[in-house]
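Coordinate inspection notes
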Amino acid sequence: MNASLISSIRERYQRVLGQIATAAARCGREPQSVFLVVVTKSQPLTIVQAAVAAGARLLGENYAEEAVEKISALKAESEVEWHMIGHVQSRKSELVAGRFDMLHSLDSLKLAARLERFLSQHGKLLPVLLEFNVSHEESKYGFPAWDETRWPELLPEVGQVLQFSHLAVRGLMTMPPYFETAELSRPYFQRLRRLRDFLAAHFPHADWRELSMGTSIDFEAAVQEGATYVRIGQAIFGPRTT
Ligand SMILES: *Cc1c(COP(=O)(O)O)cnc(C)c1O
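Fair warning: this is a prediction, and the values are worked out from it, not measured in the lab.

Moving on: the packing of helix H1 (residues 3-26) against helix H2 (residues 45-53). As a packed pair, H1 and H2 sit with axes 8 Å apart at the nearest point and diverge in direction by 60°. Note on packing geometry: the crossing formed by H1 with H2 is right-handed. Along the contact surface, H1 presents Leu5, Ile6, Ile9 and Arg10, while H2 presents Thr46, Ile47, Ala50, Ala51 and Ala53. When the residues that make up the contact of H1 with H2 are grouped by side-chain class, the tally is seven nonpolar, one polar and one charged.

Here is the structure:
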């Protein structure tokens, strides 16, 4: 494998880990309380292999089929976890149920029901995060949650998702609108955390510990607002062209 490729990825991966640790320390959090999901979407297999050689352990993918090829190629790497972070089309539910270690983007009751069916056939438990659209951006997926006065309307569906015995709900995820400056994302991260507190108050027996939020541009603000997973591609691999 290409040693200079590995070392340049390792350097950027370590730098991001350092920035996460600094952001965590500044608000009195343990650096280990934040997991770094290295987003390998649209990266060829050689880059993904180099990232694993450089130390990446949690890999994030957006497209099920693209991911499954990489998962198969890397299946000897038993310490690697595959996280699905993109919208899952209904007909891809079986792939996701069978091949991924965690789903960050559970965005509808319908998807939950389909996943439950395949997971029960495989006898598998899938950790999931509920994705919320906290910005009212039309292009974003997720349960609608931009209007805080209407949060009570989310409770019946969330309650139904919690009943599926093969889905292990662990928390919430969001993708704010794209901004050049991190500070503009902060109110959306704060809203997701308030929503977590709201859901935890209504479903106190469920597990709401995880918040998946923050990308290359704004992960430090996300950590300050309570992120436990940040999802980072470009800060490690350079600008994505596709
Ligand atoms: C692409 C993507 C990321 C990573 O974005 P970068 O700018 O590469 O850090 C994070 N989350 C989701 C849902 C994505 O689609």
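Having seen it, we continue.
The first and last C-alpha atoms of helix H7 (residues 186-202) sit 25 Å apart over 17 residues, in line with the 24 Å expected at 1.5 Å per residue. Listed in full, the buried residues belonging to H7 are Arg186, Tyr188, Phe189, Leu192, Leu195, Arg196, Phe198 and Leu199. Taken together, the buried residues of H7 touch strand E5 (126-133), helix H6 (155-163), strand E7 (167-173), strand E8 (210-212) and helix H8 (219-224).

What follows covers the site of the ligand. Residues in close proximity to the ligand include Val39, Lys41, Asn62, Ile85, Met175, Thr215, Ser216, Arg231, Ile232, Gly233, Gln234 and Arg240, which together make up its full environment. Within the side chain of Asn62, a nitrogen or oxygen atom sits 2.8 Å from an oxygen atom of the ligand. Between an oxygen atom of the ligand and a side-chain N or O atom of Arg240, the distance comes to 2.8 Å. When the free accessible area of the ligand is taken as 390 Å², the share hidden by the protein chains comes to 90%. Assessed atom by atom at 2 Å from the grid points, the ligand resides in the largest pocket. Its residues assigned to classes, the shell around the ligand comprises four nonpolar, five polar and three charged.

Calculation notes
Residues numbered from 1 in each chain as written. Predicted model: local features only at pLDDT ≥ 70, side-chain atom pairs only at ≥ 80, totals over all residues. Heavy atoms only, no water. Axes fitted to C-alpha atoms, helices over the stretch in contact; angles between N-to-C directions. Helix = DSSP H or I, 4+ residues; strand = E, 2+ residues; numbered from the N terminus. Left-handed = near helix turned anticlockwise from the far one by under 90°. Contact = heavy atoms within 4.5 Å. Nonpolar A, V, L, I, M, F, W, Y, C, P; charged D, E, K, R; others polar. Expected span 1.5 Å × (residues − 1). Buried < 20%, exposed > 50% of the residue type's maximum accessible area, 1.4 Å probe, protein only. Near = heavy atom within 4 Å. Polar contact = N/O pair within 3.5 Å; in protein donor to acceptor, adjacent residues only side chain to side chain. Areas by Shrake-Rupley, 256 points an atom, 1.4 Å probe, with all protein chains shown as cover. 1 Å grid on protein atoms, 1.4 Å probe; cavity = no way out; pocket = protein on both sides within 12 Å on 5 of 7 lines; lining within 4 Å. Sits in = over half its atoms within 2 Å of the grid points.

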